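Residues per chain are reported as follows:
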Amino acid sequence: MPITHPSLPVTMPETCDGDILRVRDLKFNYPDGHAALHGVSFQLCEGDKAALVGPNGAGKSTLMLHLNGILEGRGEIEVMGLRLTRDNLPTIRSMVGLVFQNPDDQLFSPTVFEDVAFGPLHMGLPEDEVRVRVTEALAAVRMSAYADRLSHHLSVGEKKRISIATVLSMRPSLLVLDEPSAGLDPRARRTLIHLLRDLPITMLVSTHDMALVKELFPRTIIMDEGRIVADGLTMEILDDEKLLEAHGLERG
Amino acid sequence: MHANLFDRYHHTEGPLHRLEARVKVVLTVAFIVSNALLPDGAWTAFGLGWLLVLAANALSLLGLGFTLKRSLIALPFALAAISSIFSTPGNPLSSFPFLGMELIVTDAGLLRFASILVRSWLSVQAAILLVAVTTFPDLIHALEHLRAPKIITTVIAFLYRYLFVLSDEVIRLLRARQARSATLPPSVSPHFPRKWGERKRGVVWRAKVAGNMVGQLFLRSYERSDRIYNAMLARGYQGQIRTLHPHTLTRRDWTIGALTVLLILSLQLIGR
Amino acid sequence: MHPSPLLLHIPDGFLSIIVAVVCWVITASLLAIAIRKTNESLGEKQIPLMGIMAAFIFAAQMINFPVAGGTSGHLLGGALAAILLGPWAAMLVMTAVIAVQGLLFQDGGLVAMGANILNMGLITAAIGYGFHRAVLTQSRRVKLTVAGLAAWTSVMAGALATTLQLWLSGTAKLGIILPAMLTVHALIGLGEAFITVAALGFIMQTRPDLLGESSASALGGKGWILAGIALTMIVILLAPFASTNPDGLERVATDLGFLQSGQSAPFEIIPDYTVPILGGTPLSTVVAGVIGVIVVGLVIGATAIGLRKK
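The following paragraphs examine the structure supplied in this document. Just so it is clear, the structure is predicted and the values come from calculations on it, not from any experiment.

## Overview of the overall build of chain C
The secondary structure content of chain C amounts to eleven helices and two strands. Listed N to C, the secondary structure of chain C is α-α-β-β-α-α-α-α-α-α-α-α-α in terms of helices and strands. Relative to its full complement of 310 residues, chain C shows a buried share of 61%. Pairs at least 24 residues apart make up 75% of the contacts formed inside chain C by residues separated by at least 6 positions. Carbon and sulfur atoms provide 69% of the accessible area of chain C, an area that totals close to 11400 Å².

Below is the structure:
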């Protein structure tokens, strides 16, 4: 049985009209019939940094795969006011930067440069612009010296940062990260936290790392069994021990 | 696995490193073709060819003996060529019986055998040097520039990226197999008599374990290819791979390339 | 450590230029078809799928198992790849594997690469798929048995092709090397068969959909059955004949002119190594040499252009 918390005291900014992302009643069944999303609705506004938490199998990754059209469910998704359809997939994909959990899946080119250039290149940008974007994206993750490195020579922490650069080079309006701190040692995790804090971009980040949530994200969305069960200020959500316990979460 | 096990590039930054990759590929292939074209016993040309290899070694700042040390890799294959000693028509030197056959050693046969070894030895040194002074991604770009089909170069690029990742998985699988099978000598495991000792099992069983590992590796790889495909889609991939063309040929590249081609051609003149 | 499962990676220097170029032409033509076909059968996903599968075959070749007396069994993988991915995709995958082994590890030569791809990638895939296609609708047990046979035959065919190329190049005496290669590879082929069967069995059990009716594995045409039978017949007929009667084969090849032309350099086809109008001067030999090099270059270039167009 899904557990719902209809009357959470949410004090989100009143002005948020979902100018970055609007998801309405999104439903999705996997081909084998297994239902993964049961009507998910939420909005993100310019400058939001939101954590998406919940137990494994809650539908977090499935939701993320919908945000730039890799999975197609029923319901509505709007990015920057543009409704996601098959025709505008390329545009949507350049606006939503989706970074997968495993950097070895995200970094599929032999060199760092080629990987960071992949996005802009496949957006159809001219070569000079691609180079500018790569330089800019690598600088943003503080990895400028790494352009000519081979991907397999990078540490896990470096791979994670380059992974983020591979979507920053598309200059997305929304950054969507799946488990960015998984598998990092404390120092690499710290570096990543600083990086995410300083990036001036709207983000939705799925994670199990509650300490990361507390430190970095003013807003938290809890998913469980394919539904959003809570959406509000991180401070308040983390104080609601009953809510956390009901969804298998710890305060961190 | 430590990644450097598969790395062949050496960061010595010699003049040869700076030569454009395309030029290096063409020169290497030209040198190997030239070796194949030289007749048996063209010792002067072979010797000069070796000087060329030595010069290239020097220009790569890897030390004169760099390729020499690694050049024995083709040696096991020489076994196959030993029989050329007996198969080439020429003046018989001696003969002996072998498995019911009468094998005749001829002078031309010995000459051919020695020539095959030298050709192979020179060629493999050129190939060793090529990957020592060119990063593999640059080599792939060179193949693209030289009009190799894009789908093949792209598959090679993926292979290069993921051979490190998947060999790591293989190493883990092999370690797990070792941990499960090799640790319990029969005497200390009264509770698991026979059942644990892999040594007691037949070769078919061992092959089956290896085959299951291959199957497991395939499934993991297949699932990985799905995730990578998603990651590509998420960054705008629409079925066509695009690549930047970062390399241009300078006058220096042209000059060195042309000069070396002339040298290789003159080897041909000397050798015939 | 890098995987080098078989004595089939011919290094440079062991093939005459004619044999090497002819093999390149055959290989390139087949690859040109393969490139067109995989585009149809795999679509957008072909690039990541074939890329990872190439890495898979490369890594799978590292998995060995002890046989006896310090030797170990390995996988070559051509037949397995063909059964899993369909014949054309398998050919491209094997090409990438052999290209990286040659380029990066000097495991097999560059000029000899055409032959190596043909022997280890194309022939093995054709046989592997031909056998599999013939029993596509049969029971699991039949499919696995036939896959084992296919794997063994593919290794034998690769060994036979390698041997013939060495012999035509004047590098080896058929009467010695053929029995040796076939005996060794008859054993190596058993390892290939065991691993292939076990791997397929595991996959059929865990993910039967990947080998199901709509998978790439089932999409090849029936012509593959014929190709598989034809190649197998060549192995069955040629190998014993050549092993027991190498002189006979040698005579046939000599009569047909294969042996001489295989061993000569291309410009030696020009009579007396001279260019007629220049007469018997040293310059004439030089020009003949240059013409020869240009001819080789043109053949390789034309092949490359043909490949690209398709």
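We are not done yet, so read on.
## Comments concerning the overall build of chain A
For chain A, the helix and strand inventory stands at ten helices and ten strands. The C-alpha radius of gyration of chain A comes to 18 Å, within 12% of the 18 Å expected for a compact globule of 252 residues. Looking at the 252 residues of chain A, the share that counts as buried comes to 57%. Restricting to contacts in chain A with at least 6 residues of sequence separation, those with at least 24 account for 66%. Per element, the accessible surface of chain A, about 10700 Å² overall, is 51% carbon and sulfur. Averaging the locations of the 26 positively and 36 negatively charged side chains of chain A gives two centres separated by 1 Å.

## A few points about a nonpolar patch on the surface
On the surface, a nonpolar cluster with roughly 570 Å² of combined accessible area is contributed by V203 and V204 of chain B together with V67, W152, L187, L190 and F194 of chain C. Of all elements in the fold, only helix 10 (203-234) of chain B together with helix 7 (174-206) of chain C reach the threshold of two or more residues within the nonpolar patch. With respect to the helices, strands and loops of the structure, V67 of chain C is situated in the loop between strand 1 (65-66) and strand 2 (72-73).

## Quick notes on the packing of helix 10 of chain B against helix 7 of chain C
The N-to-C vectors of helix 10 of chain B and helix 7 of chain C enclose an angle of 50 degrees; their axes lie 7 Å apart at closest approach. The angle between helix 10 of chain B and helix 7 of chain C falls in the class oblique. You can see that helix 10 of chain B and helix 7 of chain C cross each other, and the crossing is right-handed. Every residue of helix 7 of chain C that contacts helix 10 of chain B at V204, A207, K208, A210, G211, N212, V214, G215, Q216, F218 and L219 of chain B is listed here: F194, I195, A198, A199, F202, I203 and T206 of chain C. Looking at the contact of helix 10 of chain B with helix 7 of chain C, its residues break down into twelve nonpolar, five polar and one charged.

## Quick look at the packing of aromatic side chains
A complete count under the given rule lists 15 aromatic pairs over all chains for this structure. The rings of F108 and F118 of chain A together with F158, Y162, Y229 and Y237 of chain B are connected pair by pair, giving a single aromatic cluster. Between the NZ or CZ atom of R149 of chain A and the centre of the ring of Y146 of chain A, over which it lies, the distance is 4.3 Å. Above the face of the Y222 of chain B ring, K45 of chain C is positioned so that its terminal group lies 4.7 Å from the ring centre.

## Let's talk about the interface of chain B and chain C
Every contact between the two is made by 84 residues of chain B and, on the other side, 79 residues of chain C. Across the chain B to chain C interface the summed buried area is about 7600 Å²; carbon plus sulfur atoms make up 80%. Across the salt bridge formed by R207 of chain C and E223 of chain B, the nearest N and O atoms sit 3.7 Å from each other. It is helix 10 of chain B that provides the largest number of residues to the side of chain B that touches chain C, a total of 24 residues. Across the side of chain B that touches chain C, the residue classes break down as 57 nonpolar, 17 polar and ten charged.

## Quick look at the sheet that holds strand 5 (residues 82-83) of chain A
Residues and elements named next belong to chain A. Pairing is antiparallel across the open sheet formed by four strands, whose spatial order is 2-1-4-5. The open sheet is flanked by strand 2 (35-44) and strand 5, the only strands paired with a single partner. Sheet topology note: the strand 4 (residues 74-79)/strand 5 ladder contains two bridges and is antiparallel. In the strand pairing of strand 5, V79 is matched with L82.

## Looking at the sheet that holds strand 8 (residues 202-206) of chain A
Residue and element names in this part refer to chain A. In spatial order, the strands read 6-7-8-3-9-10; together these six strands make up an open sheet with mixed pairing. Either end of the sheet is taken by a strand with one partner, and the two such strands are strand 6 (96-99) and strand 10 (227-233). Strand-to-strand twist of the sheet, defined as the mean angle between neighbouring strand axes without regard to direction, takes the value 15 degrees. Sheet topology note: the strand 3 (residues 49-53)/strand 8 ladder contains four bridges and is parallel. Paired with K49 across the two strands is M203, which belongs to strand 8.

## With respect to the pattern of salt bridges
Per the counting criterion, the structure on display carries 28 salt bridges over all chains. Close ionic contact of R224 of chain B with D105 of chain A constitutes a salt bridge, the shortest N to O distance being 2.8 Å. Of the two residues, R224 of chain B sits in helix 10 while D105 of chain A sits in helix 3 (residues 103-106), which places them in two different chains. Of the residues examined, R224 of chain B reaches a relative accessible area of 6% and is grouped as buried. Here E20 of chain B makes a salt bridge to R22 of chain B, at a shortest N to O gap of 3.2 Å. Judged on exposure class, the residue E20 of chain B and its partner R22 of chain B are both buried. Several salt bridges share partner residues, and in doing so they unite D105 of chain A together with E169, R220, R224 and R227 of chain B into one network.

## Here's the deal with unusual backbone geometry
Residue and element names in this part refer to chain A. For D25, which is not glycine, the phi dihedral falls at a positive 50 degrees. Inspection of the secondary structure puts D25 in strand 1 (residues 21-29). When its relative accessible area of 41% is taken as the criterion, D25 is described as partly exposed. Notably, R171 is not glycine yet its phi reads approximately 50 degrees, a positive angle. Structurally, the position occupied by R171 is in the loop between helix 6 (156-168) and strand 7 (174-178).

## Overview of the nonpolar core
Of all hydrophobic cores here, the largest spans 192 residues; its most connected members are L21 of chain A together with F56 of chain C. For this core, the element with the highest residue contribution is helix 9 (residues 150-181) of chain B, accounting for 17 residues. Leave out the neighbours within four places in its chain, and L21 of chain A touches F42, Q43, L44, L67, I77, E78, V79 and L174 of chain A. The next biggest cluster of nonpolar side chains, apart from the first, holds 50 residues, and it includes V99, A147, L195 and I237 of chain A.

## Describing the interface of chain A and chain B
Between chain A and chain B, the contact holds 36 residues from the first and 30 residues from the second. Here chain A meets chain B over a buried area of about 2800 Å², counting both sides, of which 60% is carbon and sulfur. Residues D115 of chain A and R235 of chain B are paired through a salt bridge, measuring 3.3 Å at the closest nitrogen-oxygen approach. The set of elements that each furnish at least two residues to the side of chain A that touches chain B consists of helix 2 (89-95), helix 3, helix 4 (112-122), helix 5 (127-140) and helix 6 of chain A. At eight residues, the largest contribution of residues to the side of chain A that touches chain B is made by helix 4 of chain A. In the side of chain A that touches chain B, the residues fall into 16 nonpolar, twelve polar and eight charged.

## Remarks on the pairing of strand 2 of chain A
All names here are of chain A. Judged from the seven bridges that link them, strand 1 and strand 2 form a sheet pairing that is antiparallel. Counterpart to L26 in the pairing with strand 2 is V40. Counting the residues in the hairpin turn of strand 1 and strand 2 gives five residues, including G33, whose phi is positive at 95 degrees.

Thresholds, definitions, all that
- Residues numbered from 1 in each chain as written.
- Chains lettered and ligands numbered in written order.
- Predicted model: local features only at pLDDT ≥ 70, side-chain atom pairs only at ≥ 80, totals over all residues.
- Heavy atoms only, no water.
- Helix = DSSP H or I, 4+ residues; strand = E, 2+ residues; numbered from the N terminus.
- Buried < 20%, exposed > 50% of the residue type's maximum accessible area, 1.4 Å probe, protein only.
- Contact = heavy atoms within 4.5 Å.
- Areas by Shrake-Rupley, 256 points an atom, 1.4 Å probe, with all protein chains shown as cover.
- Rg over C-alpha atoms; globule rule 2.2 N^0.38 Å.
- Lys, Arg positive; Asp, Glu negative; His and termini not counted.
- Charge placed at Lys NZ, Arg CZ, Asp CG, Glu CD.
- Patch = residues over 30% accessible without salt bridge, like charges linked within 9 Å, V, L, I, M, F, W, Y side chains within 5 Å.
- Salt bridge = Lys/Arg side-chain N within 4 Å of Asp/Glu carboxyl O.
- Axes fitted to C-alpha atoms, helices over the stretch in contact; angles between N-to-C directions.
- Parallel < 35°, antiparallel > 145°, perpendicular 65-115°, else oblique.
- Left-handed = near helix turned anticlockwise from the far one by under 90°.
- Nonpolar A, V, L, I, M, F, W, Y, C, P; charged D, E, K, R; others polar.
- Phe/Tyr/Trp six-rings, centres within 6.5 Å; stacked < 30°, edge-to-face > 60°.
- Lys NZ or Arg CZ within 6 Å of the ring centre and 35° of its normal.
- Buried area = accessible area lost by both parts, 1.4 Å probe.
- Pairing = 2+ DSSP bridges.
- Core = buried A, V, L, I, M, F, W, Y, C linked by side-chain atoms within 4.5 Å.

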